[in-house]
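# Notes for the structure review
The residues making up each chain are set out below.
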Amino acid sequence: MKTFLSFKFWTLLVCCCWTTQAEIFTSISQMTDLIHTEKELVQSLREYIEAEETKLSTVKSWANKLDALTKVSTSDPEGYLAHPVNAYKFMKRLNTEWSELETLVLQNPSDGFIANMSTHRQYFPDEEDETGAAKALMRLQDTYQLDSEAFSRGKLPGMHSNALLTVDDCFDMGKTAYNEADYYHAVLWLQQALKQLDAGEEAVVSKADILDYLSYSVYQMGDLPRAIELTRRLVAIDSSHQRAGGNLRYFERLLSKQLSEMNQEHQPASEEPIQLGTYSRPKDHLPEREAYEALCRGQGLQMNEARRSRLFCRYKDGYRNPHLLLKPMKEEDEWDSPHIVRYLDFLSHEEIEKIKALAKPRLARATVRDPKTGVLTTANYRVSKSAWLEGEDDPVIDRVNQRIQDLTGLTVDTAELLQVANYGVGGQYEPHYDFSRRPYDSNLKVDGNRLATFLNYMSDVEAGGATVFPDFGAAIRPRKGTAVFWYNLFKSGEGDYRTRHAACPVLVGSKWVSNKWIHERGQEFRRPCGLTEVD
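A brief look at the structure comes next. (Residues numbered from 1 in each chain as written. Predicted model: local features only at pLDDT ≥ 70, side-chain atom pairs only at ≥ 80, totals over all residues. Heavy atoms only, no water.)

### Considering the overall build of the protein chain
- Helices and strands together make up the secondary structure of the protein chain, namely 16 helices and 20 strands.
- In summary, the protein chain has a C-alpha radius of gyration of 33 Å against a globular reference of 24 Å for 535 residues, an excess of more than 25%.
- Seen along its three principal axes, the alpha-carbon backbone of the protein chain occupies a region of about 120 × 75 × 40 Å.
- Scored against the burial criterion, the 535 residues of the protein chain give a buried share of 47%.
- Long-range pairs, those at least 24 residues apart, make up 73% of the contacts in the protein chain between residues at least 6 apart in sequence.
- When the accessible surface of the protein chain is split by element, carbon and sulfur atoms take 52% of a total near 28600 Å².
- Here the protein chain holds 65 positive side-chain charges and 78 negative ones, and the gap between their average locations is 3 Å. (Helix = DSSP H or I, 4+ residues; strand = E, 2+ residues; numbered from the N terminus. Rg over C-alpha atoms; globule rule 2.2 N^0.38 Å. Buried < 20%, exposed > 50% of the residue type's maximum accessible area, 1.4 Å probe, protein only. Contact = heavy atoms within 4.5 Å. Areas by Shrake-Rupley, 256 points an atom, 1.4 Å probe, with all protein chains shown as cover. Lys, Arg positive; Asp, Glu negative; His and termini not counted. Charge placed at Lys NZ, Arg CZ, Asp CG, Glu CD.)

### Concerning the packing of aromatic side chains
- Here the structure, examined in full by the defined rule, presents 22 aromatic pairs.
- Ring geometry for Phe 469 and Trp 486: centres 5.2 Å apart, planes at 85 degrees, overall edge-to-face. Taken together, the residues span a long stretch of sequence, with Phe 469 in strand β15 (residues 467-469) and Trp 486 in strand β17 (residues 483-487) at a distance of 17 residues.
- Phe 469 gets classed as buried once you look at its relative accessible area, which sits at 0%.
- Taking relative accessible area as the criterion, Trp 486 reaches 1% and is therefore assigned buried. (Phe/Tyr/Trp six-rings, centres within 6.5 Å; stacked < 30°, edge-to-face > 60°.)

### Re a negative patch on the surface
- Side chains of Asp 126, Glu 127, Glu 128, Glu 130, Asp 169 and Asp 172 sit close together on the surface and give a patch of like negative charge.
- Secondary structure elements with two or more residues in the negative patch: α6 (127-143) and α8 (167-179).
- The element best represented in the negative patch is α6, accounting for three residues.
- Structurally, Glu 130 can be placed in helix α6. (Patch = residues over 30% accessible without salt bridge, like charges linked within 9 Å, V, L, I, M, F, W, Y side chains within 5 Å. Salt bridge = Lys/Arg side-chain N within 4 Å of Asp/Glu carboxyl O.)

### Quick word on the pattern of salt bridges
- Applying the stated criterion across every chain, the model contains 33 salt bridges.
- We note a salt bridge from Lys 207 to Asp 198, for which the minimum N-O separation is 2.7 Å.
- Using a relative accessible area of 40% as the deciding quantity, one classes Asp 198 as partly exposed.
- Arg 289 is the partner of Asp 284 in a salt bridge, and the nearest nitrogen-oxygen pair spans 2.4 Å.

### Points about helix α9 (residues 183-198)
- Between its terminal C-alpha atoms α9 stretches 22 Å, which fits the 22 Å expected from 16 residues at 1.5 Å a residue.
- Counting buried positions over the 16 residues of α9 gives 14, a clear majority of the element. (Expected span 1.5 Å × (residues − 1).)

In structure tokens form, the structure reads like this:
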């Protein structure tokens, strides 16, 4: 009988899980490890089921045998025991065999499975991960203007899958938003849960619970007529509901007061179903939110025929650099002003895989510097995991650094380490500057400000994940093996505020990038100062 999981499974689970940590949702790479872990747990669950079935089969066999024996013995107890063999077997059965049966019944085949679950649960996603993943879906919903039903039915742009959301999934999404006082998204997801439940889909959650949360969320959105209508539905289902009656009377008094003050007559609640656009999305901290998200959707691009006519492609030899003379790099203009270029075939597939392998064990939640305290901290507007690699880690890093220097003509001696990032569910980095604004970060006093950004795309992305520049309406799509380059500072050292950019949320796929921030020090003769502040 199999009562414990194999040593092979335990070892494999350790190997799969040792690198995972909190905030798993911020990296697709680390979530991938848990996919394999879950598969092994399913196998161990099947082994447990098989052990339980074997145990039950043995117990049933005992029961059938003893049932036949007792039928004979109870029909004539004295006559049965009069036979010495029967008497001996009866004593043996009570003394030995029933004890063995007791031991068998007391055995717990789940011990091995539970032990492994307990050991490795610490590596599993926690409440923060589930909430983070739910918020990521809402972020994708906003950015790409997707209604809840599109998500629920697996209908994402350019693809259709069987990844469906049940009534309970939609309810949990709505409840997550509700608990964050995000009533806008709570309404969208609770309405979807109600719609699927009304369509006959089975669920654990009750209609009363959905209506309870939905009616209050609609009230918070300022739609009193609809809140009253939904609360009446709740009362009709459960007249003894502890809050429904009080809420209904409060909503009705509040609506009556509002209508009286505005000298208006009562209008019935709209019969139109709640959907994307029914209510206005609340404003947030980001002033260019609409422009940024439109660019992520491929809207609002400022590329026109006149600008396109000024864009060219060429072979780049790094100002006659010996390393590039025989095999110059293919360079394409992505934007004219500020000048942004893309290099084709900058990284090979083998180099990309090696860089990813080096970075993966070191991935940690990407941080930003708090402008008030100067301390590095995580932020909701940057959802990814990153690792920093130096030339000593592997020759491939040295080669990439040298290639960047050869191509740009800028020294990388004062540059930052190569940063590798993997974006998780809805991974993004909202609009930001790469350069430090005055007062300058004290960490930049030695090597100066971030003069330029060299960004490598190490994966294709099925949907989303573009690099966008809201100030001038540019969007650059990830293409595996290519790299883009731009200057963050004018030749005077002043920041070019047009370079404020963002990494759009990844809608479908896993996005890997690496970047090199090149600093001012050492570039004095490589990129001399201009005659004006904006040269």
